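Coordinate inspection notes
One letter stands for each residue in the lines below.
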Amino acid sequence: MRHVLIATAMLAGLGACSPSGEEAVEPADAPAALPPGRPAIYEAARVGPEEFVRALYAVHATPGASMGEPPAPGQDPIYDRMLNAMIGADFAKAAGEVPTLNYDPICDCQDSGGFTLDSVTVTRSGPAAAEAAVIFTNAGETKRQTLKLVKEGPMWKVSDVLVPGRPSLTEQLMAAIS
C-alpha cells in the first residue's frame, strides 16, 4: 500500500510541473551540427546512406576541415570489414614501400583543392545496401564515381569505389594482395 501512495504522490507532483494544454512548450534545442570531420561522418553514418556520403565529401569541400589522425590501415570505420581487410593486407604486403592504395579513394586524390560536391544520387537496393553516384570537382577537374555502400550494424560504410574506365577499388586491391 505504501508503494501505491508513493507512486500516486510522484505522479501528482509530475502533473503539477507539466504545462497545461494551453501553454506553449518550447522544443528542445537540436544539437549543433558537427563540423566536417570524422565525428560528423560517424554520426551521419547512423542516419542514412545519403547523409553519410555527403559527410564524407564535406571534409574535402570545407576549407580547413580535417579528417584528423587516420586510423591504422585496415581499421577505418568508414569502410566495411572486407574492404578494411583488403586495405590492411595491401599495406602489409607493401612492407614499408608504397602500397596500391596510396591515395584517398573518396576524392580519388592525394590532395584536394577547390573541391565542390556537385551531385549525389543514392539508390537503395535493400535495407542494408545502396549505391551513391557522385559527381564532384577537384582542382578544376570534374570526376564521377560510384560508392557501393553497406550497412554494418548501425552504420553505413563504403564497400567499394567504382571509377569509370578503371577496375573497382576492390579489384585493384585483390590484384595487389593475391
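Scroll up to find the structure.
Please read these numbers as outputs of a predicted model, since none were measured by experiment. (Residues numbered from 1 in each chain as written. Predicted model: local features only at pLDDT ≥ 70, side-chain atom pairs only at ≥ 80, totals over all residues. Heavy atoms only, no water.)

1. Here's the deal with the state of the cysteines
- If you walk through the whole model with that rule in mind, you get one disulfide.
- Here cysteine 107 connects covalently by a disulfide to cysteine 109, the sulfurs 1.9 Å from one another. Looking down the S-S bond of the cysteine 107 and cysteine 109 bridge, the torsion is -90 degrees, so its handedness is left-handed. Each member of the pair, cysteine 107 together with cysteine 109, is buried. (Disulfide = S-S within 2.5 Å. Buried < 20%, exposed > 50% of the residue type's maximum accessible area, 1.4 Å probe, protein only.)

2. Things to note about the sheet that holds strand 1 (residues 116-126)
- Taken together, four strands build an open sheet; the order of strands is 1-2-3-4 and the sheet is antiparallel. Of all strands in the sheet, those with a lone pairing partner are strand 1 and strand 4 (155-162), marking the two edges. Averaged over neighbouring strand pairs, the angle between their axes works out to 25 degrees when direction is ignored.
- As paired strands, strand 2 (residues 129-138) and strand 3 (residues 141-152) are joined by 10 bridges and run antiparallel to one another. The partner of isoleucine 135 across the bridge, within strand 3, is arginine 144.
- Along the sheet, helix 3 (residues 49-61) makes contact with strand 1, strand 2, strand 3 and strand 4, crossing strand 1 at roughly 150 degrees. (Pairing = 2+ DSSP bridges. Helix = DSSP H or I, 4+ residues; strand = E, 2+ residues; numbered from the N terminus. Axes fitted to C-alpha atoms, helices over the stretch in contact; angles between N-to-C directions. Contact = heavy atoms within 4.5 Å.)

3. As for the environment of leucine 83
- Examined against the element boundaries, leucine 83 turns out to sit in helix 4 (residues 81-94).
- Overall, leucine 83 belongs to the buried group, its relative accessible area being 0%.
- Once the C-alpha coordinates of leucine 83 and methionine 174 are considered, the two residues, 91 residues apart in sequence, prove to be 9.8 Å apart.
- Ignoring any residue separated from it by four or fewer positions in sequence, one finds leucine 83 in contact with Val158, Ser159, Asp160, Leu169, Thr170 and Leu173.

4. Description of unusual backbone geometry
- Despite not being glycine, aspartate 108 shows a phi value in the positive range, around 50 degrees.
- Locating aspartate 108 in the fold gives a position in the loop between helix 4 and strand 1.
- Even without glycine at this site, alanine 139 takes up a positive phi of about 55 degrees.
- Relative to the assigned elements, alanine 139 resides in the loop between strand 2 and strand 3.
- Residue alanine 139 is classed as exposed on the basis of its relative accessible area of 63%.

5. Digging into the packing of helix 2 (residues 38-45) against helix 3
- At a minimum axis distance of 7 Å, the contact between helix 2 and helix 3 shows a crossing angle of 170 degrees. Put simply, helix 2 runs roughly antiparallel to helix 3. Residue-level inspection shows Ala40, Ile41, Ala44 and Ala45 of helix 2 in contact with helix 3, the latter providing Glu51, Phe52, Ala55, Leu56 and Val59.
- Class assignment of the residues belonging to the contact of helix 2 with helix 3 gives a composition of eight nonpolar, no polar and one charged. (Parallel < 35°, antiparallel > 145°, perpendicular 65-115°, else oblique. Nonpolar A, V, L, I, M, F, W, Y, C, P; charged D, E, K, R; others polar.)

6. Some words on the side chain of aspartate 160
- Within the element layout of this structure, aspartate 160 appears in strand 4.
- Buried charge without a partner: aspartate 160 forms no salt bridge, and the closest opposite charge is lysine 148, 6.7 Å away.
- Within the structure, the side chain of aspartate 160 is placed 3.2 Å from the side chain of serine 168, a separation counted as a polar contact.
- Of note is the side chain of aspartate 160, whose polar atom sits 3.2 Å from the backbone nitrogen of leucine 169.
- Leave out the neighbours within four places in its chain, and aspartate 160 touches Leu83, Thr146, Leu147, Lys148, Ser168, Leu169 and Thr170. (Lys, Arg positive; Asp, Glu negative; His and termini not counted. Salt bridge = Lys/Arg side-chain N within 4 Å of Asp/Glu carboxyl O. Polar contact = N/O pair within 3.5 Å; in protein donor to acceptor, adjacent residues only side chain to side chain.)

7. Focus on the pairing of strand 4
- With respect to burial, strand 4 is a largely interior element, seven of its eight residues being buried.
- Turn length for the strand 3-strand 4 hairpin, with the two strands adjacent in sequence and antiparallel, is two residues, and the turn residue glycine 153 shows positive phi of about 65 degrees.

Such coordinate-based values are descriptive only and should not be taken to indicate function.
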